[in-house]
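Architecture and fold: a report
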Amino acid sequence: MAARSNEEQQPTTETIVTPSRPRSRVPFGHLIVNEKWIGTELANAVTGCVRIVYEDSTGIIDFHTSSDTGVVYVSETDLVSGNTYKRKLVKLRKATTVRGIVLAEKTPMSSQHFPALQRFAVFDIGLVLIPVSNQTEAGQLLCQMVITESKPQGNPFKQKRVKSPVDQNLLVTIQAIPSLGEVKANALLERFHSIRGICNASMQELSSVVGRSIAQNVKDFFNRLPP
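Conventions used here
Residues numbered from 1 in each chain as written. Predicted model: local features only at pLDDT ≥ 70, side-chain atom pairs only at ≥ 80, totals over all residues. Heavy atoms only, no water. Buried < 20%, exposed > 50% of the residue type's maximum accessible area, 1.4 Å probe, protein only. Helix = DSSP H or I, 4+ residues; strand = E, 2+ residues; numbered from the N terminus. Arc of directions from axis to C-beta. Salt bridge = Lys/Arg side-chain N within 4 Å of Asp/Glu carboxyl O. Disulfide = S-S within 2.5 Å. Pairing = 2+ DSSP bridges. Right-handed = clockwise from strand over helix to strand, strands pointing away. Phe/Tyr/Trp six-rings, centres within 6.5 Å; stacked < 30°, edge-to-face > 60°. Axes fitted to C-alpha atoms, helices over the stretch in contact; angles between N-to-C directions. Contact = heavy atoms within 4.5 Å.

**Some points on helix H7 (residues 182-192)**
Among all positions in H7, only Ala-185, Leu-188, Leu-189 and Phe-192 are buried. End-on view of H7: buried residues confined to an arc of 90°, all on one side of the axis. His-193, located one to two residues past H7, shows a positive phi value of around 75°.

Below, the structure is given as structure tokens:
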């Protein structure tokens, strides 16, 4: 089936209607969106900042921010209703063609369930987990990921060789932390090697790399599990 465009979409956004092709390349500056998101708050949030492609055959993936990055969205309802999201996340982890990122709604209603998700997604199966307060914030984050990956430093064909290269998808995720630029994001990954390593780092360890103020932002952003 062919992809469908959103009739309510703002005219400033260029929506590209293409057949859904498994493992197709995602052009820089584009976001592939499962068509179930048409007309939602999240779709409205990305309207105008990136070029949107709606497809109906993305499987468990809700969004592709690049050819090798797949994003799954866990809603407030998913969290409150129990562990039904686990099977989906396991499939995401087992995917060999994409690196998985999970966006999860952490709200006053779902916050008590968030630690269980964090423990499973980050510590048990090793996915990148980013909390968001609502769909608008999630849309803004997706835009930032697409834009960052579209820059020369996010393009592996334009990137200069560096002594110790880091995973570009992890770098994009880390740069979503407030006040954290590319240089300090690289420094964190060079020091701690992974999202889990950063989550486990102490305030003192983080401060030695990025300074106390940004270290606090890092701790707040990932909301590390209590001991």
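**A short note on the pattern of salt bridges**
Scanning the entire structure with this criterion turns up two salt bridges. Taking the shortest distance from any N to any O, the salt bridge between Lys-88 and Asp-62 comes out at 3.9 Å. Within this pair, whereas Lys-88 is found in helix H3 (residues 85-94), its partner Asp-62 is found in the loop between strand E2 (51-55) and strand E3 (63-66), the two being separated by 26 residues in sequence. Connected through salt bridges with shared partners, the residues Lys-36, Asp-62 and Lys-88 form a single ionic network.

**Focus: the state of the cysteines**
Tallying each qualifying case throughout the model produces one disulfide. Note on cysteine connectivity: Cys-49 is disulfide-linked to Cys-143, with sulfurs 1.8 Å apart. Residue Cys-49 is located in the loop between helix H1 (41-46) and E2, and its partner Cys-143 is located in helix H5 (residues 135-150); the two are separated by 94 residues in the primary sequence.

**Section: the pairing of strand E1 (residues 30-34)**
Counting buried positions along E1 yields five of five residues, so the element is predominantly enclosed. Neither face of E1 is left uncovered, since the one carrying His-30, Ile-32 and Asn-34 and the one carrying Leu-31 and Val-33 both have all their residues buried. Where E1 lies against E2, five bridges are found, and the strand directions are parallel. Within E2, the residue paired with Ile-32 across the bridge is Val-53. Viewed along the sheet, the connection from E1 through H1 into E2 turns out right-handed.

**Considerations on the packing of aromatic side chains**
Under the criterion given, the structure shown has two aromatic pairs. Consider the rings of Trp-37 and Phe-63, whose centres lie 5.2 Å apart with planes at 40°: the pair is tilted. With Trp-37 in the loop between E1 and H1 and Phe-63 in strand E3, this pair connects stretches of sequence that are 26 residues apart. For the pair Trp-37 and Phe-63, a shared accessibility class is recorded, and that class is buried. Each ring, one from Trp-37 and one from Tyr-73, has its centre 5.2 Å from the other, and the planes form 80°; the classification is edge-to-face. On the criterion of sequence distance, the pair formed by Trp-37 in the loop between E1 and H1 and Tyr-73 in strand E4 (residues 69-74) is long-range, its members being 36 residues apart.

**What about the sheet that holds E3?**
Strand pairing in a sheet relies on backbone hydrogen bonds, with the paired strands running either antiparallel or parallel. The strand order E2-E1-E3-E4-E5-E6 describes an open sheet built from six strands, whose pairing is mixed. The two strands at the open ends of the sheet, each matched to only one other strand, are E2 and strand E6 (128-132). Neighbouring strand axes in the sheet, compared pairwise and without regard to direction, differ in orientation by 25° on average. Of the pairings in the sheet, the one linking E4 to strand E5 (residues 99-105) comprises six bridges and is parallel in character. Its bridge partner being in E5, Tyr-73 is matched across the sheet by Leu-103. The sheet strands contacting H3 are E4 and E5, and the helix crosses E4 at an angle near 175°. Its contacts with the sheet place helix H4 (residues 114-124) against E4, E5 and E6, and it is angled at close to 155° to E6.

Note that every value here comes from positions in space, so none of it alone points to a role or purpose.
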